[in-house]
Amino acid sequence: MSSLNPVHSSPPDRAPRATDEFAAGASVWRDGIERRDFLKLMGASLLLAGLPACTRRPPDALVSRADPPGADAIPELQWYATAVPWHGYARGALVRIARGRPILLEGNPDHPESRGALDAVSQAMILSLYDPERSGSPRQRDAAADWDAFTAAWSAQHTAMSERRGARLAILTEPTTSPTLIREIHALLEEWPEARWFQHSAMPEYERNGSVDVDLSQADVLFTIGSDLFYQHPSAIRHVADFTRRRAATVDKHSGLRMHALEATPTLTGMRADRRLAVAPDRQAAVLNSLTTFFRGEPQTTGLSSRESEFVRRLAGDVRKTHAVAVCVVGEEMPAEIQSWANAFNAQFGATALRTRPILRSDSDPACHGGLAEFLDALASAEVAIVLGANPAYASPRAAATTEALKKVPFTVHAGESADETAGASIWHLPEAHFLESWSDLRAYSGEATILQPATRPLHEGRSLAEIVHFLRTGAWQSAYELVRTTWRSFLGSAFEMEWNRALQRGVLAAPTARPDSKSPDFPWPVLAGRAPATGLVVLIRADLNLHDGRWANNAWLQELPRPFTALTWENAVLMAATDARERGLKSGDLVACQAGDAGIEGPVWILPGQAPGCVTVHLGGGRARAGHVGLARGFNAYALQDPVSPWTRAGGSVRATGRRQEFASTQRHFQMEGRDLVREIRPGQTLRSVDAAQPTLLPAWPREGYAWAMSIDLDACFGCNACIVACQAENNIPVVGRDQVIREREMHWIRVDRYFTGEAENARLVHQPVPCMQCENAPCELVCPVGATVHSSEGLNDMVYNRCVGTRYCANNCPYKVRRFNFLDYRMPADSLPYLGANPVVSIRERGVMEKCTYCVQRIDAGRSAAERAGRRVRDGEIQTACQQACPVGAIVFGDLSDPASNVSRRRRDPRSYALLEELGTRPRTTYLARVNREPPGGEGA
């Protein structure tokens, strides 16, 4: 990561008093906001917060895990199994409770969809629990109200609804798999048969007709078409874990699971492919039609470019190998005709790698009367409109129409976690409880059910959606605990209590899933209609990798989390190919007017290698008009470019320079290795020089008599999901610094994920490299510290003694890896303040003017060592896991004792792919890497 000169602001025009601890202006950001004012705005976005009077666990019977993960020996820590809602599906999770407060979300090792890992977005949901701008009580016409007032107001409506059997009542929800919520909605529709239920989601659909659940552990070839199967998918963690495990088994061979990707804009999945073809949507049909001719035995590549022909031949060669099992996965944003082509492909080649159909969400429920368009039609004659959880007044291409339609309905109710844009268009807004403070249930994409048990009493007055629907139907409140138990009592029968307790403990409910038959019908090979070359640019509209549809815009961890391709924070951009930008005389940072039809937005250009020429990509989630101070008006609102008929792709777009520029808050400014071996790539079977064959040095070798902690990171497994960054931030109380400080290169993340592009610009490949502190045995930082604040421990850790540090920053200047972070501003919260209570209690909160960095989670090491010593033994391998290691869904990070030759980290150190970053400097880092493997056979394989 480059170390550019920071931008300095002019000091205030006043002389500092001699009694001031810091110079005038030391607490002021460049835009003039005082530090304490900024902290007030950020609230829990800087540190987790908790309310001491509200953090006792609910009185309902919770069941904690008897075998908490890792070697935590802190008596007050408890673990509870739950699930993180992911657009209607469940991702199994464990919530860590410390001193009565939830402080951390980790993956549940017993859940088939998470397998002990958790993605970055799911981990950041712990921060949303403590968001001070989350709705606390009901509101009427944007004025403070209470539940009694709403109960009285609904009483008259309830009587009218009963008399006319629900006529002129329209209900809109998001798709869900919650059996309890679906049961309550069905009960309402049975009692009021004239009522109408509609569903809307701003995210792509995951249950297309004919879609299947993929088992990559059975596949030999994976072909993705615009799909982000490994990241933005309900089963992403399971899929990428299976893919990585299968690849690791054949890391020294050219054979094994081979992957090909066809896409217009880069995805984390496509960048993992052995061969990736970046082409605009109008060329994809021609490529697939050519593939069809190969599979029919009459190969044709007429009309294809040399790159397209080579891609077709190599993919066809892999698929047609004897006994090869191939599967094709299509992105949810792709047109239906390409999905039909994939169905034919899978019927022909992928029978044994396809599981059953996935569990369908409620949007496939026959009781549902349609989507947002039908809901808006119903509002024309509705007298009561109820929106539960959704935000169509922002997250839809019909946002303006939704706002106007809701304002014309006599009685409108919105329920959600925040008073968002739809709440602003409604008469009543009801606070929805966070999933960590209320009982609920959900199913995973693969069908398994999870009981979501709360980890704390409600911090506010929120109710679950099931409770609200039950009240709307009956006029009486019933607890979510009883509603969920009623649902599962009917499923489990006489074994209910035993299975209920087991489900609460393990996080998975052994109950029937009612999944459809797995047999795939025969699909004929379709001939895809070729598209005429697009006039102008094709505008691709995609969900943001961090904020998704914008619902998490007020989560500062996700706002400051660098995007995997651009390293951008706090904003979105118009992504363009270098050739398109060059033709228009544009550079990264130029503000442009992007037009599609009669709609347009204004945003900065980012030139992205790997972007197909002829396309621009914009991401959703920005430009919020009603959000907390963290997410308000960040970036531009890409929903303005969506068309209701074709929401994800619009032809005939244009980009025009405005003559202005915008400075990006990016954590990485340079994306090429310039000939240096930072990320190494080898062929299967190739060997690198041993790490232990270090450069000559005058310093004595560091003894390895006791524990010798070390880490190894497999670059062939890492795909840049950033889960390690959020896990480290949550574990170690790392603050958010804000957009201005990121621009000054003062970000505080202890681990970064560097990104490097290789190959030609139009079809570039992206490799990621996580970079924590290297824990050098010959540490350059230790030699220059004048006060001994950075020292070596007997176990080989490069420790920081915070109360010694005087802020010279010599150590940062002397660190060749640039992994040290300096507290330029004071991010501490007063010990008697509410936000302070939410921090991890076993990790100190650093003060202004000290250096901090990765410590291999020394608090976890201490806890594990103490537990082993009490048992009279050494720490077992794998007993201690760092936060980044625990969160990694692909097991790229391994931590352990290097003095144990049988440990995983020792075995990796002896691996032929092992190398040290910048090893020519002689720093002898304890953190090493396994080189990435290029499995593409030399010369390719034709069909």
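Residues numbered from 1 in each chain as written. Predicted model: local features only at pLDDT ≥ 70, side-chain atom pairs only at ≥ 80, totals over all residues. Heavy atoms only, no water.

J.: Report on the pairing of strand 16 (residues 449-452), specifying residues and quantitative values.
T.: The alternating pattern of strand 16 places Ala449 and Ile451 and Thr450 and Leu452 on opposite faces, both of which are buried. Two strands pair when backbone bridges link them, and strand 15 (residues 440-443) and strand 16 are joined in this way by 4 bridges, in the antiparallel orientation. Each bridged residue has a counterpart across the sheet, and for Leu442 the counterpart in strand 16 is Thr450. Here strand 15 folds back onto strand 16 in antiparallel fashion, the turn holding 5 residues, of which Gly447 has a positive phi close to 115 degrees. (Buried < 20%, exposed > 50% of the residue type's maximum accessible area, 1.4 Å probe, protein only. Helix = DSSP H or I, 4+ residues; strand = E, 2+ residues; numbered from the N terminus. Pairing = 2+ DSSP bridges.)

J.: Tell me what's going on with the pattern of salt bridges, and back it up with residues and numbers.
T.: Following the criterion strictly, the structure yields 51 salt bridges and no others. One salt bridge in this structure joins Arg739 and Glu571, with 3.3 Å as the shortest N-O distance. Of this pair, Arg739 sits in helix 19 (residues 739-743) while Glu571 sits in the loop between helix 16 (556-560) and strand 18 (574-576); the two residues are 168 residues apart in sequence, bridging distant segments of the chain. According to the relative accessible area criterion, Arg739 is partly exposed, its value standing at 24%. Accessibility expressed as a relative area gives 6% for Glu571, which makes it buried. With a shortest N-O distance of 2.3 Å, Arg660 and Glu602 are connected by a salt bridge. On the criterion of sequence distance, the pair formed by Arg660 in strand 22 (residues 649-661) and Glu602 in strand 20 (residues 599-607) is long-range, its members being 58 residues apart. The class for Glu602 is partly exposed, based on a relative accessible area of 40%. Salt bridges here are not isolated pairs; linked through shared partners, they connect Arg247, Arg258, Asp274, Asp318 and Lys321. (Salt bridge = Lys/Arg side-chain N within 4 Å of Asp/Glu carboxyl O.)

J.: Which residues make up the packing of aromatic side chains, and what values do they have?
T.: In this structure the tally under the stated criterion is 31 aromatic pairs. Among the aromatic residues, those joined into a cluster by ring pairs are Phe223, Phe295, Phe311, Trp341, Phe345, Phe349 and Trp525. The ring of Trp500 has Arg485 sitting right over it, with the charged end atom 5.2 Å from the ring centre. It is Arg809 that lies over the ring of Phe822; its NZ or CZ is 5.2 Å from the centre. (Phe/Tyr/Trp six-rings, centres within 6.5 Å; stacked < 30°, edge-to-face > 60°. Lys NZ or Arg CZ within 6 Å of the ring centre and 35° of its normal.)

J.: With reference to specific residues and values, describe the confidence of the model for the chain.
T.: For the chain, the mean per-residue pLDDT works out to 85, and 86% of the residues sit at or above 70. Segment residues 1-26 is flagged for pLDDT under 50; beyond a separation of four residues in sequence, or across chains, it makes 24 contacts in the model. Taken as a whole, residues 44-57 scores under 50 in pLDDT and shows 60 contacts with residues more than four places along the chain or in a different chain. (pLDDT = per-residue confidence, 0-100. Contact = heavy atoms within 4.5 Å.)

J.: Mind laying out the nonpolar core, listing which residues take part and the relevant values?
T.: Within the largest apolar cluster, 140 residues are counted, with the highest numbers of intra-cluster contacts made by Leu105, Met125, Leu222, Phe230 and Trp709. At 7 residues, the largest contribution of residues to this core is made by helix 18 (residues 723-731). Not counting the four nearest positions on each side in its chain, Leu105 is found in contact with Val84, Ala93, Leu94, Val95, Leu118, Ser122, Gln123, Met125, Ile126, Phe435 and Leu436. Grouped together as the second largest cluster of nonpolar side chains are 30 residues, Phe294, Ala326, Phe345 and Phe349 included. (Core = buried A, V, L, I, M, F, W, Y, C linked by side-chain atoms within 4.5 Å.)

J.: Before we move on, can you summarise the side chain of Ser178 with the specific residues and values?
T.: Positionally, Ser178 belongs in the loop between strand 6 (169-173) and helix 5 (179-191). On the basis of relative accessibility, which here comes to 4%, the residue Ser178 falls in the buried class. At a separation of 3.2 Å, a polar atom in the side chain of Ser178 contacts the main-chain amide nitrogen of Leu181. A distance of 2.7 Å separates a polar atom in the side chain of Ser178 from a polar atom in the side chain of Asp441. Aside from chain neighbours lying at most four places away, what touches Ser178 is Ser440, Asp441 and Leu442. (Polar contact = N/O pair within 3.5 Å; in protein donor to acceptor, adjacent residues only side chain to side chain.)

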